[in-house]
Amino acid sequence: MTSATSVVRADAAAERTTAHQRAWGWYDWANSAYVTTTGAVLISPYLTALARADVCPGLESGETCDADLSILGLPVAVGALAPYTITVATILSAVVLLFVGAIADRHPRPVRLLGGLAWTGAAAASLMFFLQGSNWQLGVVLVVVANLCFGASTVVYDALLNRIAHPDDRDKVSSRAWALGYLGGGLLLALNLGLMTAHESLGLSYGMAIRLSLLSAGLWWAGFTLIPVLGLRRIRGTTATPVDRRAGIVGGTLVQLRDTFRELRSYPQTLMFLLAYLFFNDGMQTVIASSSLYGIEQLGFRTEQMMITFLVVQFVAFGGALLFGAVAGRLGAKRTVLGGIVMWTLVVAFAFFVPRGAFTTWLLCAVLIGMVMGGTQALSRSLYSQLVPQGRESEFFSFYQAMERGTSWFGTLAFGLMFQLTGSYRPAILVTILFFVLGGLILTRVRVREGIAAAGNEQPRIV
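Residues numbered from 1 in each chain as written. Predicted model: local features only at pLDDT ≥ 70, side-chain atom pairs only at ≥ 80, totals over all residues. Heavy atoms only, no water.

1. Re the packing of aromatic side chains
Phase 1: Evaluation of the coordinates by the stated rule reveals 24 aromatic pairs.
Phase 2: On the numbers, 5.9 Å between centres and 35° between planes, the contact of Y294 with W362 is tilted. With Y294 in helix α11 (residues 268–298) and W362 in helix α14 (residues 359–385), this pair connects stretches of sequence that are 68 residues apart. Both residues of the pair, Y294 and W362, belong to the buried class.
Phase 3: Feature note: the residues F273, Y277, F280, Y384, F397 and Y400 constitute an aromatic cluster, connected by ring pairs.
Phase 4: Over the face of the ring belonging to F129 we find R211, whose NZ or CZ atom lies 4.5 Å from the ring centre. (Phe/Tyr/Trp six-rings, centres within 6.5 Å; stacked < 30°, edge-to-face > 60°. Helix = DSSP H or I, 4+ residues; strand = E, 2+ residues; numbered from the N terminus. Buried < 20%, exposed > 50% of the residue type's maximum accessible area, 1.4 Å probe, protein only. Lys NZ or Arg CZ within 6 Å of the ring centre and 35° of its normal.)

2. Points about the side chain of S213
Phase 1: Structurally, the position occupied by S213 is in helix α8 (residues 206–224).
Phase 2: Judged by its relative accessible area of 0%, S213 falls in the buried class.
Phase 3: Of note is the side chain of S213, whose polar atom sits 2.9 Å from the backbone oxygen of A209. (Polar contact = N/O pair within 3.5 Å; in protein donor to acceptor, adjacent residues only side chain to side chain.)

3. Quick notes on a positive patch on the surface
Phase 1: Together, R112, R233, R234 and R236 make up a positively charged patch on the protein surface.
Phase 2: Take R234: it is sitting in the loop between α9 (226–231) and α10 (248–263).
Phase 3: Using a relative accessible area of 65% as the deciding quantity, one classes R234 as exposed. (Patch = residues over 30% accessible without salt bridge, like charges linked within 9 Å, V, L, I, M, F, W, Y side chains within 5 Å. Areas by Shrake-Rupley, 256 points an atom, 1.4 Å probe, with all protein chains shown as cover. Salt bridge = Lys/Arg side-chain N within 4 Å of Asp/Glu carboxyl O. Lys, Arg positive; Asp, Glu negative; His and termini not counted. Charge placed at Lys NZ, Arg CZ, Asp CG, Glu CD.)

4. Some remarks on the pairing of strand β1 (residues 68–71)
Phase 1: Across four bridges, the pairing between β1 and strand β2 (residues 74–77) is antiparallel. By the bridge assignment, S70 is partnered in β2 with P75.
Phase 2: Counted along the chain from β1 to the antiparallel partner β2, the turn is two residues long, and its residue L72 has a positive phi close to 55°. (Pairing = 2+ DSSP bridges.)

5. Observations regarding the packing of α11 against helix α12 (residues 303–331)
Phase 1: Between α11 and α12, the least distance of the axes is 9 Å, while the angle of their chain directions is 140°. Looking at the two axes, α11 sits oblique to α12. For the element pair α11 and α12, the recorded crossing hand is right-handed. Along the contact surface, α11 presents I288, S291, S292, G295 and I296, while α12 presents T303, M306 and F310.
Phase 2: Among the residues making up the contact of α11 with α12, the classes are represented as four nonpolar, four polar and no charged. (Axes fitted to C-alpha atoms, helices over the stretch in contact; angles between N-to-C directions. Parallel < 35°, antiparallel > 145°, perpendicular 65-115°, else oblique. Left-handed = near helix turned anticlockwise from the far one by under 90°. Contact = heavy atoms within 4.5 Å. Nonpolar A, V, L, I, M, F, W, Y, C, P; charged D, E, K, R; others polar.)

Put into structure tokens, the structure is as follows:
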């Protein structure tokens, strides 16, 4: 063993402390407020309402708006604006995140980069407070910026998992962080539900209650990001230097991306996992992003009922993530994720048959989603962390995020197109089953231990 290798391993061991693991997990707590309150519950129906007010002013509640928006000369149905906006953000992310990952691997202070990206996204999320009347165009811009920064910061954050947790501990650490995120997102959502329910007694309009809720998500994201940034501040650079430092960050980034694309064929199992992930995660993200629209527009629930729904999902997902982490400790992450994909398929089929106005049945669907959602996502992250080569964690996690976005834009696009063609969200939600089936079938073909060996990583006890 060379002295340089000894130093790298000693540094890695020093980084794998309980304090670092706890600080790291708080970023799930921080960003989940935006994902839940803004991304999953409020922004899609609120953006739709702003667009409806623009093209159909004076429309009474319950009346249908038949007019279309005009975006770059193209007609867009009001109900399809939110899915299309998410589509644009996703396509941009698929390109930008590759560069973010390569830069992060060469950045001397990756935790500072995490903070900068997170706080930029949080600022965009906070500015959503100013969305009112019919200014849906500003809403589109802010959603794109916030989603892009969320994805970019997550690339840096996920890659740090390799630095702060031993291979045998990553399923547990990742699952606990996801659980913490669901708890934090659920807590803020509960507070915002109280605000929106009691808005009249507080002297607030309903629109102001929504805007304050959007603001709270941005401030929460910004404030709690301080914990991981400060707690991980001593982590420097990367565990290896993939390219010559003399190239600089920008030049080195381009060289690193060129070399990585050339070397991808050396990691066939990693690529196979990415292909599986981009399909089954596309199904999950499309369901999460579109469920608020589905519940409000198709099933006739009020915004407060959807907030209750997501509260149920959040708090059940807290236990679900911990449960999946425990199951993975016995069966391995791959088998547990495959079981989760089967459960997702059954839940989406169940949601298709929920009758309009059947809120109790809808809540049962929410419980089932909560059980499977957090665990599937947490274990996918930890499983992939085993397959990335040392020194290129951020770059490979950018592939993890970007390749997911490479087709998840197709999921939201398909959802929007199906609505535009049929005028109903039921066939749109059913389309997501295809993504779960394809992702699950591909995942069964991934030989995890072979992929870990090819990446040059230490073999965990169970995979």
